[in-house]
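Inside the fold
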Amino acid sequence: MEAIQRQKKRKASEETKPPKPMDLETSTTVKPMEKQKKRKAMDKERRLHAAPKPPPSKDDAVELKTTEPPAAAAAASSSSGGALLLPEFHVGVFKDLASGDAAVREAAVEALATELMEVQRAYEGLENKELVEGGGVKLEAEKDDGLNDCAPSLRYALRRLIRGVSSSRECARQGFALGLTILVSTIRSIKVDSLLKLIVDFLEVTSSMKGQEQRDHLLGRLFAYGALGRSGRLAEEWISDRNTPRIKEFTSLLIALASKKRYLQEPAVSVILDLIEKLPQEALLTHVLEAPGLHEWFEGAIEIGNPDALLLALKIGEKVSVDSARFGKLLPDPFVPNKLFSADHLSSLANSLKESTFCQPRIHNVWPVLVNILLPDRVLQAEDALTISNSLKKHKKNRKSSSSDEDIAKNFQCFCEVIIEGSLLPSSHDRKHLAFDVLLLLLPRLPASYIPICLSYKVVQCMIDVLPTMDAWLKKIVQNFIKTLSEWVRDDDVRRVSVIMALQKHSNGRFDCITRTKTVKDLMADFRTESGCMLFIQNLLNMFVDESHASDEPSDQSITTDDNSEIGSIEDKDSVAMGNSDFLKTWIVESLPCILKNLKLEPEAKFRVQKEILKFLAVQGLFTASLGTEVTSFELQEKFRWPKAATSSALCRMCIEQLQLLLANSQKGEGPRGLPNRLESNDLGSYFMRFLSTLCNIPSISLFRPLDTEEENTLKKLQAMETSLSKEERNCGLSSEANRLHALRYLLIQLLLQMLLRPKEFLVAVSELIICCKKAFPVFDLVDSCGEDNLDGDDAPAVMDVLVDTLLSLLPQSSAPMRTAIEQVFKYFCVDITDDGLLRMLRVIRKNLKPARHQDADSEDIDDDEDEDFLNIEEDEVIDRAETGETGDSDEQTDESEADSEADSEAVDGVGEVAMEIPDASDESDGGMDDDAMFRMDTYLARIFKERKNLAGGDTAHQQLMLFKLRVLSLLEIYLHENPGKCVVLKLAAMQKVPLIFIKYVLNFFNVSFLMLSFWFFGSGS
């Protein structure tokens, strides 16, 4: 019973006794058998202390006095005698090494290194180290590990750290590897060979291991080797002993580790690269390259596709000059960029580069190395500066680039063709993804002149195939690429121009249309400088006249698409596959005026840009060269070019229409007239007429279509009249007469272009307008004065009446720029308009194709009598043209054409319905229409224009008449704005029985209530 009680007391005392510092960690991790062994060792230690000790000898006492630290002796608890000589080491720091917080890990590593360095210094100061090692507790250091010069605590920590790098708990690998790196780099007592042996012993991978255990040991080895490589001890080993075998052994171990698993390959090579950066060239040649297994690894890289072997070979080849045969076939002999990026050698490396997709979404380290060799830093800024300066020198050969620059361009083109287009794009989705990642990697170093090579036909086609589809796997990748590309060109017009031209060239000018994006539109809207606009216009001209721009390559769906990448519409596919250059030329012509849309420049700079656009459109739309494709004008000191193939008539018409639009926009944007001496310099219309006259006088240049004698004479009269008006305008200075002359000049210019577009259709109108100009400004002395007699008699109509008739005759079939010119002329002449002129305009509004359903016969006879004179002019020259326009006989239309125009007819008829809702003129007419009905006209007008835009060629006679009425209404609106105090138009409208919808529309300009108007016109009997 007493023995049992003593055993219980002993166990209780052991439980209450604080554990030793070194046992804190082992008490929770060691196995039960180990606990039992340690308990027996502790019992044996206590028995030894309980036995009587002989007094120490004199020598021993002296030694203890000189070596024992006072602080350690005072602070030491009951322990073995040797433990009193060493500082205390807290094993709790190992817990913080696995923390997810980097700051906590770094603090734990610092505490670990500080304490162990103090322990090691104290241990090295002992003369009789057996006093420490001879104790009962040796902390797992009984084995012969080669760390005999290390303190027991340090030996334990090293073992613990090596085991810790194999743990998958939180950030244990990072923390324990960092601690191992610091200890090995700061404590020189740790031998490299012993550490390598411990790594192999503790992290051994056997065939019985599977799954997570095997992966933990392999990753543990990788982190342990990485810690040793980054510590710098291997470089110190070579400095102290140049025949050391440790570097070869270390390299061989890493190569063997890289061969075990694919995911170990890249980090293992990264550790070797860290070592290479610390070693001199001699050590690379005699130790790293001589490591066992390395040459065989290089030899098999080409066959199996090993991007990491290629990366290691490239880095070593950059650092030292060595025979390329030592790298197998990875590097050419000699190792120079021209050889490396040759087509044959790149083809041999293609398999290795394709295998680099295993690390996605991160890009493999071999690609930045290749990009650095392919595009050195020196080719960037100087090349771009030279590009823009040479591009703005028109038709001059660029300065010859050096052979080195030519080699770089050749290497880059070969790289894009073989690797990007030939290897990655035709392969899997992952490799297409890699292709766009590589292109993004190239962008920061890419000169603007290399953009056409980078954005090649196959690259653009891949984007075209992917973007239209909602569920395409690569859509987000391509969208990110385009976004980055747009940001890259943001402040560089040279890059912007190159990107726009590449995208449109390989999509036949329809990139935005096919991809359903606004990429090109947004890029074009960001031009802010005159030099950028000029460069863009010059590139557009080069593309227009260059017949080789059309892409003849077929759209290979097997190369650029996947199962989820069908293009949106069949029409878009066919249009791209057609390879028709007219699509691209159409985009070029339509893009020119768009350059000015968002451009904010000084007037002089903007005028220079307008002149360049005008010359492009005039040369390509109005003229052709009879001899060759180039003509030089000595007067203008400029060379003009045309495509080898004749420009189609449709493109010529489009150029003329865009030219009209350019002139109309210029007239709108002029604002107030400038100083007299500046009128000529910034007048785009005047410049156009001089330019036209100059080119017409060159024998080898002719108009795009032949003119008959009547047209030619009319054209000469028109040019002469415009010249006379221009001279008079300069003489008038700042006055209302100058505004009238300016408006007439632009109307004549628009008529000149319309004459070329529509043969003989506007000859009468031009002749009448010329007569009006002569009568309105009699100071002109022209040789040919035929036709003036019509206005010289006593019964001749007033000049303003003839002018109104001429303007009305131009309205039905006029284009938007022509209507702008007509409205400007009417604006400045409407002050002098007569009542007869207003009546003619109002009768157009009243005119109907069919008689009203409830019309009195008497009133009809009266109207016919009143309108007899006007209708002889109006119906023959204006209304009949609207009735018969393009549709011919409206009574003979087929059911199909009626179906096509059904929506348009409903919209136009809706205007009539609104008018029908208003009762006949009476005292009670104000109650038949509320305010909502009055504004219903705007909705119907919007529907008219929307449906007319969607239905091409579906106009009926009724619709054309309605549009003609709306255009006349716009002129009356101008009259009301310019003459706010004249209400005669209201009286005339009432006399002509114009629908009250028009009268109420007019009230907006006079702020008169409908009730007052009704009383005024009808209640008073007026």
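Only a predicted model underlies this, so the values are computations on that prediction, with no experimental measurement involved.

Our next topic: the overall build of the chain. In terms of regular secondary structure, the chain is built from 52 helices and 4 strands. Within the chain, contacts between residues at least 6 apart in sequence are counted, and of these 76% link residues at least 24 apart. Of the roughly 50,100 Å² of accessible surface on the chain, 51% is carried by carbon and sulfur atoms.

Our next topic: the nonpolar core. By size, the foremost hydrophobic cluster in this structure holds 257 residues, and its most contacted members are Phe-415, Leu-455, Met-463 and Phe-688. At 13 residues, the largest contribution of residues to this core is made by helix α40 (residues 736–757). Apart from the residues lying within four places of it in its own chain, the contact partners of Phe-688 are Leu-614, Ala-618, Leu-622, Leu-659, Leu-663, Ile-749 and Leu-753.

Quick look at the confidence of the model for the chain now. On average, the chain scores 76 in pLDDT, and the residues at 70 or more come to 67%. This model gives residues 134–142 a pLDDT under 50, and the stretch forms 10 contacts once residues within four places in sequence are excluded. Contacts from residues 782–789, a stretch scored under 50 in pLDDT, to residues over four places away or in other chains number 10 contacts.

What follows covers helix α35 (residues 581–594). Since the α-helix packs 3.6 residues into each turn, any two residues three or four apart lie on the same face. Between its first and last C-alpha atoms α35 spans 20 Å; for 14 residues at 1.5 Å apiece the expected length is 20 Å, and the two agree. When α35 is considered as a whole, its buried residues turn out to be Ser-581, Leu-584, Lys-585, Trp-587, Ile-588, Val-589, Ser-591, Leu-592 and Pro-593.

The next point concerns the environment of Met-818. You can see Met-818 is positioned in helix α43 (residues 816–829). Residue classification places Met-818 among the buried positions, given a relative accessible area of 0%. For the pair Met-818 and Ile-749, spaced 69 residues apart in sequence, the C-alpha separation works out to 9.4 Å.

Let us now look at unusual backbone geometry. Cis geometry is adopted by the peptide bond preceding Pro-334, which originates at Asp-333 and carries an omega value of 0 degrees. Here the residue pair Gln-360 and Pro-361 is connected by a cis peptide bond, since its omega of 10 degrees sits within 30 degrees of zero. Looking at the secondary structure, you find Pro-361 in the loop between α21 (343–354) and α22 (366–374).

Once that is clear, we can look at the side chain of Arg-740. Note on placement: Arg-740 falls in helix α40. From its side chain, Arg-740 meets the backbone oxygen of Tyr-828 in a polar contact 2.9 Å long. For Arg-740, the side chain forms a polar contact with the side chain of Asp-832, separated by 2.7 Å. Apart from residues no more than four positions distant in its own chain, Arg-740 is found in contact with Phe-777, Tyr-828, Phe-829 and Asp-832.

This part covers the packing of α40 against α43. Following both chains from N to C, one finds α40 and α43 inclined at 155 degrees, their axes separated by 9 Å at the closest point. Judged by the inter-axis angle, α40 sits roughly antiparallel to α43. Pair α40 / α43 crosses with left-handed handedness. Between α40 and α43, the residues in contact are Asn-739, Arg-740, Ala-743, Leu-744, Tyr-746, Leu-747, Gln-750, Leu-751 and Gln-754 and Pro-817, Met-818, Ala-821, Ile-822, Gln-824, Val-825, Tyr-828 and Phe-829, respectively. Partitioning the contact of α40 with α43 into residue classes produces 12 nonpolar, 4 polar and 1 charged.

Turning our attention to the pattern of salt bridges. Evaluated as defined, the whole model comprises 27 salt bridges. Note that Asp-201 and Lys-197 form a salt bridge whose closest N and O atoms lie 3.2 Å from each other. Of this pair, Asp-201 and Lys-197 are both found in helix α11 (residues 192–202), 4 residues apart, which corresponds to roughly one turn of the helix. Ionic pairing is found between Asp-526 and Arg-496, a salt bridge with its closest N-O pair at 3.7 Å. Note that Asp-526 is positioned in the loop between α31 (519–524) and α32 (530–545) and Arg-496 in helix α29 (residues 493–505), a separation of 30 residues in sequence. Overall, Asp-526 belongs to the partly exposed group, its relative accessible area being 33%. One continuous salt-bridge network, built from bridges that share partners, spans Asp-683, Glu-722, Glu-729 and Arg-745.

Looking now at the pairing of strand β3 (residues 638–641). Pairing of strand β2 (residues 630–633) with β3 involves 4 bridges; the strand directions are antiparallel. Of the residues in β3, the one forming a bridge with Val-631 is Phe-640.

Quick look at the environment of Thr-586 now. Along the chain, Thr-586 turns up in helix α35. Residue Thr-586 is classed as partly exposed on the basis of its relative accessible area, which comes to 21%. Counting along the chain gives 68 residues from Thr-586 to Met-654, while the straight-line C-alpha distance between them is 7.8 Å. Excluding residues that lie within four positions of it along the chain, Thr-586 makes contacts with Leu-651 and Met-654. At 2.6 Å, the side chain of Thr-586 forms a polar contact with the backbone oxygen of Asp-582.

Helix length check: helix α49 (residues 957–978) (22 residues) gives 32 Å between terminal C-alpha atoms against 32 Å at 1.5 Å per residue, within 8%. Buried residues dominate α49, accounting for 17 of its 22 residues.

On the secondary structure map, Gln-504 appears in helix α29. You can call Gln-504 buried: its relative accessible area is 2%. Here Gln-504 is in contact with Gly-509, Arg-510, Phe-511, Val-520, Leu-584 and Trp-587, once residues within four sequence places are set aside.

Here the focus is the pairing of β2. As a general feature of sheets, a regular strand has side chains that alternate between the two faces. Alternating residues of β2 divide into Val-631 and Ser-633, all buried, and Glu-630 and Thr-632, none buried. Once β2 ends, the chain turns through 4 residues before running back antiparallel as β3, passing Gln-637 with a positive phi of about 55 degrees.

Examined against the element boundaries, Leu-434 turns out to sit in helix α25 (residues 429–442). Filtering out sequence-adjacent residues up to four positions away, Leu-434 remains in contact with Leu-353, Ser-356, Thr-357, Gln-360, Ile-363, Trp-367 and Leu-424.

At a closest axis distance of 10 Å, the pairing of helix α39 (residues 709–732) and helix α41 (residues 763–776) adopts a crossing angle of 30 degrees. Here α39 lies roughly parallel to α41, going by the angle between them. You can see that α39 and α41 cross each other, and the crossing is left-handed. Counting all contacts with α39, which are made through Glu-710, Glu-711, Thr-714, Lys-717, Leu-718, Met-721 and Leu-725, the residues of α41 involved are Leu-763, Val-766, Ile-770, Cys-773 and Lys-774. For the contact of α39 with α41, the residue count by class is 7 nonpolar, 1 polar and 4 charged.

Calculation rules
- Residues numbered from 1 in each chain as written.
- Predicted model: local features only at pLDDT ≥ 70, side-chain atom pairs only at ≥ 80, totals over all residues.
- Heavy atoms only, no water.
- Helix = DSSP H or I, 4+ residues; strand = E, 2+ residues; numbered from the N terminus.
- Contact = heavy atoms within 4.5 Å.
- Areas by Shrake-Rupley, 256 points an atom, 1.4 Å probe, with all protein chains shown as cover.
- Core = buried A, V, L, I, M, F, W, Y, C linked by side-chain atoms within 4.5 Å.
- Buried < 20%, exposed > 50% of the residue type's maximum accessible area, 1.4 Å probe, protein only.
- pLDDT = per-residue confidence, 0-100.
- Expected span 1.5 Å × (residues − 1).
- Polar contact = N/O pair within 3.5 Å; in protein donor to acceptor, adjacent residues only side chain to side chain.
- Axes fitted to C-alpha atoms, helices over the stretch in contact; angles between N-to-C directions.
- Parallel < 35°, antiparallel > 145°, perpendicular 65-115°, else oblique.
- Left-handed = near helix turned anticlockwise from the far one by under 90°.
- Nonpolar A, V, L, I, M, F, W, Y, C, P; charged D, E, K, R; others polar.
- Salt bridge = Lys/Arg side-chain N within 4 Å of Asp/Glu carboxyl O.
- Pairing = 2+ DSSP bridges.

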